[in-house]
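Fold and contact review
What follows is each chain in one-letter form.
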Amino acid sequence: MGIYFNPGNEGFASDVNSDIYVDKTGLIKHMNKSLGKAQRCIAVSHARRFGKSQAAGMLEAYYSLGCDSKELFAPFEIAREPDFLVHLNKYHVIHLDVSSFEGTYRDDIVFGIKKILHDDIKKSVPDIMALEYPIATILNDIYEKTKCQFVIIIDEWDCVVRNYPDKPEVVHGYLQFLHDLFKSKEAKSFLALAYITGIMPIKKIKNESALNNFREYTMLNSKQLTPYFGFTEDEVRELCHRFSMDFEAVRTWYNGYLINGIHMYNPNSVCNAMLDHSLEPYWRNTSSFETINDLITLNFDGLKEDVLHLLSGCKVGIKTITFGNDLSAIHSKDDALTCIDTSWIFRV
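This write-up is about the structure you can find in this document. What you see is a predicted model, and the numbers here were worked out from it, not measured in a lab.

A few points about the overall build of the chain
From N to C terminus, the chain includes 17 helices and eight strands. In the chain, which comprises 348 residues, the proportion classed as buried is 51%. The contacts in the chain between residues at least 6 apart in sequence include a share of 73% that link residues at least 24 apart.

Written as structure tokens, this is what we have:
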């Protein structure tokens, strides 16, 4: 059992044993349907604190060869699926949080990821190929030796794209690394499933094509995955009953999104409200005000007035299609408002 390669299930066990755990294991049945198929690359771009990382830990616990999770999943929805045992703990799993490498490796982030991963794999596969080989070549060699495919999970995949706008060579090198993992010729053999998360959609990253084979599930349209990121109204109602909270008050505070016809609540805010027995803007501390302040000062075509309308509870129309997923290239009020919404500052 490693940290990044074939990890254990301790993270998911911790979530399950928390004071509040809402069963989202139904997500796994959708992932199982994609295993080994052309549609095996999944990208989830949702707001911060909406359960993306928790879902990643759940998938890690389910697929990883490094643990036995049968009893852990037994009480939950996925255990009632006919293929529950077929895929349980049957894959090599790589799970990375890209943001955790930034502080140490900075401009050498790809080298850092590759080295740490290589060292971790070597604990289980001593005859691993040398670090100098491309990552796809190394993983394919492991696949050929073990006849076991990989499930690759990446949290915060977009942090390099967001945080290095002035260093295109760093972004390009990182996207090339992702290309090797997900689109190389070798990946067609060793990759069973890819699951990546971020706050930005993956479209329109200039001329790069590293991720254009991913199926996207966004805050605007998460399709059949909608109920698995955030809390549904029924789930919040049940929690309110359990913790003796007034549902109508909780709905007034935290009912922030209507996604594919389903009212979805921010789980971080709801959980804190239940545990504290207090309605507060818990989500406001999840991002920096500097991001939004810089955009407001641009004041594109009455941007400040629209922001004030939003703060007062009014609605403002936004054409999100013009936003190019580049936080350093804001050219209109629609771009700025889309970027502000991506930063999730105004949501409680």
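Looking at the nonpolar core
Judged by nonpolar contacts, the single largest core of 44 residues is most densely connected at Leu-139, Ile-152, Trp-157, Leu-178 and Phe-182. Of the residues forming this core, the biggest block, eight residues, is contributed by helix α10 (residues 168-182). Setting aside anything within four residues of it in sequence, one finds Ile-152 in contact with Ile-94, Leu-139, Leu-181, Phe-182, Phe-190, Leu-191, Leu-193, Ala-194 and Tyr-195. Ranked by size, the runner-up nonpolar core spans 34 residues in total, among them Ala-56, Tyr-62, Tyr-91 and Leu-225.

Describing the packing of aromatic side chains
Under the criterion given, the structure shown has 14 aromatic pairs. Between Phe-182 and Phe-214, the aromatic rings sit 5.2 Å apart at their centres with planes inclined by 85 degrees, giving edge-to-face as the arrangement. Separated by 32 residues along the polypeptide, Phe-182 in helix α10 and Phe-214 in the loop between β4 (191-198) and β5 (215-218) bring together distant segments of the chain. Judged by relative accessible area, which is 3%, Phe-182 ranks as buried. Phe-214 sits in the buried class, given a relative accessible area of 8%. Members of the aromatic cluster, connected to one another through ring pairs, are Phe-12, Tyr-21, Tyr-62, Tyr-63, Phe-73, Phe-76, Phe-84 and Tyr-91.

Concerning the sheet that holds strand β8 (residues 262-265)
Taken in spatial order, the three strands line up as β6-β8-β7 in an open sheet, and their pairing is antiparallel. Of all strands in the sheet, those with a lone pairing partner are β6 (231-232) and β7 (257-259), marking the two edges. Pairing between β6 and β8: two bridges, direction antiparallel. Within the sheet, the bridge partner assigned to Thr-232 lies in β8 and is Met-264.

Remarks on the sheet that holds β4
Here we have five strands laid out as an open sheet, ordered β2-β3-β4-β1-β5, and parallel in their pairing. Bordering the open sheet on either side are β2 (92-97) and β5, each of which pairs with just one other strand. With strand direction ignored, the average angle separating the axes of adjacent strands in the sheet is 10 degrees. The sheet contact formed by strand β1 (residues 41-45) and β5 spans four bridges and is parallel.

Concerning α10
Given 3.6 residues per turn, any residue in an α-helix points the same way as the ones three and four places further on. The first and last C-alpha atoms of α10 sit 21 Å apart over 15 residues, in line with the 21 Å expected at 1.5 Å per residue. What α10 keeps buried is the set Val-170, Val-171, Tyr-174, Leu-175, Phe-177, Leu-178, Asp-180, Leu-181 and Phe-182.

Section: unusual backbone geometry
Glycine aside, negative phi is the norm for most residues, and most peptide bonds take the trans geometry. Residue Arg-106 is not a glycine yet carries a positive backbone phi of 45 degrees. Here Arg-106 shows up in the loop between α6 (99-105) and α7 (109-124). Judged by its relative accessible area of 56%, Arg-106 is exposed. For Glu-156, which is not glycine, the phi torsion reads 55 degrees and is therefore positive. Inspection of the secondary structure assignment puts Glu-156 in the loop between β3 (150-155) and α9 (159-163).

Section: the pattern of salt bridges
Going through the model one piece at a time under the given rule, you end up with eleven salt bridges. The partner of Asp-127 in a salt bridge is Lys-145, with the nearest N and O atoms 3.4 Å apart. Of this pair, Asp-127 sits in the loop between α7 and α8 (135-146) while Lys-145 sits in helix α8; the two residues are 18 residues apart in sequence, bridging distant segments of the chain. The partner of Asp-141 in a salt bridge is Lys-145, and the shortest N-O contact between them spans 2.9 Å. In this pair, Asp-141 and Lys-145 are both assigned in helix α8, four residues apart and thus about one turn of the helix distant.

Some details on the packing of helix α12 (residues 233-243) against helix α14 (residues 267-276)
At a minimum axis separation of 10 Å, α12 and α14 run at an interaxial angle of 10 degrees. On the basis of their axis angle, the class for α12 and α14 is roughly parallel. At the point where α12 passes α14, the crossing takes the right-handed sense. Touching Val-236, Leu-239, Cys-240 and Phe-243 of α12 are Val-270, Met-274 and Leu-275, all from α14. Here the contact of α12 with α14 is composed, by residue class, of seven nonpolar, no polar and no charged.

Parameters at a glance
In this numbering scheme, every chain counts its residues from 1 along its sequence in written order. Since the coordinates come from a predicted model, pLDDT governs what is reported: local features require at least 70, and pairs of side-chain atoms require 80 or more to be given and counted, while whole-chain, interface and lining totals use all residues. Excluding hydrogens and water, the side-chain figures rest on all heavy atoms present in the structure. Strands here mean DSSP runs of E at least two residues long; helices mean DSSP runs of H or I at least four residues long; both are numbered from the N terminus. Each residue's exposure class comes from its accessible area (1.4 Å probe, protein chains only) as a fraction of the maximum for that residue type: buried when under 20%, exposed when over 50%, partly exposed otherwise. The contact criterion used is simple: two residues touch if any of their non-hydrogen atoms lie within 4.5 Å. Nonpolar cores are built from buried Ala, Val, Leu, Ile, Met, Phe, Trp, Tyr and Cys residues. Side-chain atoms within 4.5 Å join them into one set. Ring geometry is summarised as follows: Phe, Tyr and Trp rings, the Trp one being its six-membered ring, pair when their centres sit within 6.5 Å, and such pairs are stacked at plane angles under 30 degrees, edge-to-face over 60 and tilted between the two. Strands are treated as partners if at least two bridges between them are detected by DSSP. In this description, a line fitted to the C-alpha atoms serves as the axis of each element, helices being fitted only across the stretch in contact, and the angle between N-to-C directions of two axes falls anywhere from 0 to 180 degrees. Helix span, expected: 1.5 Å multiplied by one less than the number of residues in the helix. For this document, the term salt bridge refers to a Lys or Arg side-chain nitrogen within 4 Å of an Asp or Glu carboxyl oxygen. What sets the label is the angle itself: under 35 degrees gives roughly parallel, over 145 gives roughly antiparallel, 65 to 115 gives roughly perpendicular, and the rest give oblique. Should the near helix be turned anticlockwise from the far one by less than a right angle, the crossing is left-handed, and should it be turned clockwise, the crossing is right-handed. Residue polarity follows a fixed list, in which Ala, Val, Leu, Ile, Met, Phe, Trp, Tyr, Cys and Pro are nonpolar, Asp, Glu, Lys and Arg are charged, and the others, Gly among them, are polar.

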